[in-house]
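In case you want the letters, here they are:
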Amino acid sequence: MPTSNTPPLNLPEYLQDFLQTQRLPATYIEVIDRYIRPIARDLANQHQKLARSLLIGVNGSQGSGKTTLSEALSLLLQHEHSLTAVAVSIDDFYLTRAEREQLARDVHPLLLTRGVPGTHDIPLAQRTLQDLTRDAGSVAVPRFDKAQDDRAPQSQWDHHQTPVDIVILEGWCVGASAQPMTELLEPVNDLEAQEDPEGNWRHYVNAQLQLEYQPLFQQLDCRIMLKAPSFDCVFRWRLEQEEKLRQKTSGSGLMSETQIQRFIQHYQRITEHTLKHLPAQSDYLLVLDENRQICEFHSASAPNADT
């Protein structure tokens, strides 16, 4: 396998373009060959067997590489299995800035910050995903502009001809489950201790995750998880993610290192709960080390396929 940033000469053009667009090293081809290509093959077989559109969930903490994996999976399904595939981020279904401002006034100030359950437009997500998997003509998929911290105008939304064979929904909380009420009593970080001392915010978020998000997650035909070694890695990974965003664009939604440190505390509770409980529920589990390299791989079709 390649060990430099120069892709192999026989690499298909679509994969060369993918590496360049995503700013990935040539060594990512090894990840594709060893892990993503077998998953794509399994999904193609499942699609053929069921003879219907599939909805795939990809979970991973911030900066874990779930968007890259989802895009690569979509490309392989299209080019190697002649299937239509679309990768959609749950982030693109965030409530608008104005809607979150209203939520912050009505429920809790912490809900102004995007990310946690309760800050997504779940009815819009369900309608969009349903439309993508049936014959609904051309379907518009929302886009969220993180640099502006607001939903992009409809003129910038993507459009896809339906039905799509395989729809991939990726996000940090995709597939997450609610916590028992007893686990909400003690704060897990300074943000909760100082800004949610009575627990109203975390109780609201937990209730939303249970009541609004579970019906969506129960529709998943397959669950893929990129498992971080711990929440401690998330800050560094998220910092790198923000730097990439800063190189691409500018806007008031971009965050400093201090802002990111506070920002990720909103995610800590659910991320830690997910790291503990979701692996056992995943059809494909890719375990990451601190450098985001895959050190273990488990699949439903080959449960002992560790690297």
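Q: Can you help me understand the packing of helix H1 (residues 13-22) against helix H2 (residues 28-50) in this one?
A: When two helices pack together, you describe them by how their axes are tilted relative to each other and by the distance separating the axes. Taken N-terminus to C-terminus, the directions of H1 and H2 make an angle of 115 degrees; their axes are 11 Å apart at the nearest point. Our pair here, H1 against H2, has a crossing hand that is right-handed. Across the interface between the two elements, Leu 15, Phe 18 and Leu 19 from H1 touch Tyr 28, Ile 29, Ile 32 and Arg 37 from H2. In terms of residue class, the contact of H1 with H2 is made up of six nonpolar, no polar and one charged.

Q: Help me understand the packing of H1 against helix H3 (residues 66-81) in this model?
A: It is the contact of H1 with H3, at a shortest axis distance of 11 Å, that shows an interaxial angle of 165 degrees. One way to sum up the angle between H1 and H3 is to call them roughly antiparallel. Pair H1 / H3 crosses with right-handed handedness. The residues of H3 that touch H1, namely those facing Tyr 14, Phe 18 and Gln 22, are Thr 68, Glu 71, Ala 72, Leu 75, Leu 76, His 79 and Glu 80.

Q: Whenever I open this one, unusual backbone geometry confuses me. Can you help?
A: Most peptide bonds take the trans form, and the phi angle of most residues other than glycine is negative. Thr 162 connects to Pro 163 through a cis peptide bond whose omega is 0 degrees. Structurally, Pro 163 is set in the loop between strand S6 (158-161) and strand S7 (166-171). The backbone of Arg 23 sits at a positive phi, close to 55 degrees, despite the residue not being glycine. One can find Arg 23 in the loop between H1 and H2.

Q: What is the right way to look at the pairing of strand S3 (residues 138-141) in this model?
A: If a strand is regular, its side chains alternate between the two faces of the sheet. Along S3, the buried face is formed by Val 139 and Val 141; none of Ser 138 and Ala 140, which line the opposite face, is buried. Note: S3 against S6, four bridges, orientation antiparallel. If you follow Ala 140 over to S6, its bridge partner there is His 159.

Q: How do you make sense of the nonpolar core when you look at a structure like this?
A: By size, the foremost hydrophobic cluster in this structure holds 46 residues, and its most contacted members are Tyr 28, Ile 32, Ile 36, Leu 73, Ile 166, Ile 224 and Leu 286. Top element by residues in this core is H2. It accounts for 10 residues. Every residue in contact with Leu 286, bar those within four places of it in the chain, is listed here: Tyr 35, Ile 39, Leu 69, Ile 224, Met 225, Leu 226, Lys 227, Ile 294, Glu 296 and Phe 297. Among the nonpolar cores identified, the runner-up in size contains 42 residues, and Leu 169, Cys 173, Leu 209 and Val 234 belong to it.

What counts and how
Residues numbered from 1 in each chain as written. Predicted model: local features only at pLDDT ≥ 70, side-chain atom pairs only at ≥ 80, totals over all residues. Heavy atoms only, no water. Axes fitted to C-alpha atoms, helices over the stretch in contact; angles between N-to-C directions. Helix = DSSP H or I, 4+ residues; strand = E, 2+ residues; numbered from the N terminus. Left-handed = near helix turned anticlockwise from the far one by under 90°. Contact = heavy atoms within 4.5 Å. Nonpolar A, V, L, I, M, F, W, Y, C, P; charged D, E, K, R; others polar. Parallel < 35°, antiparallel > 145°, perpendicular 65-115°, else oblique. Buried < 20%, exposed > 50% of the residue type's maximum accessible area, 1.4 Å probe, protein only. Pairing = 2+ DSSP bridges. Core = buried A, V, L, I, M, F, W, Y, C linked by side-chain atoms within 4.5 Å.

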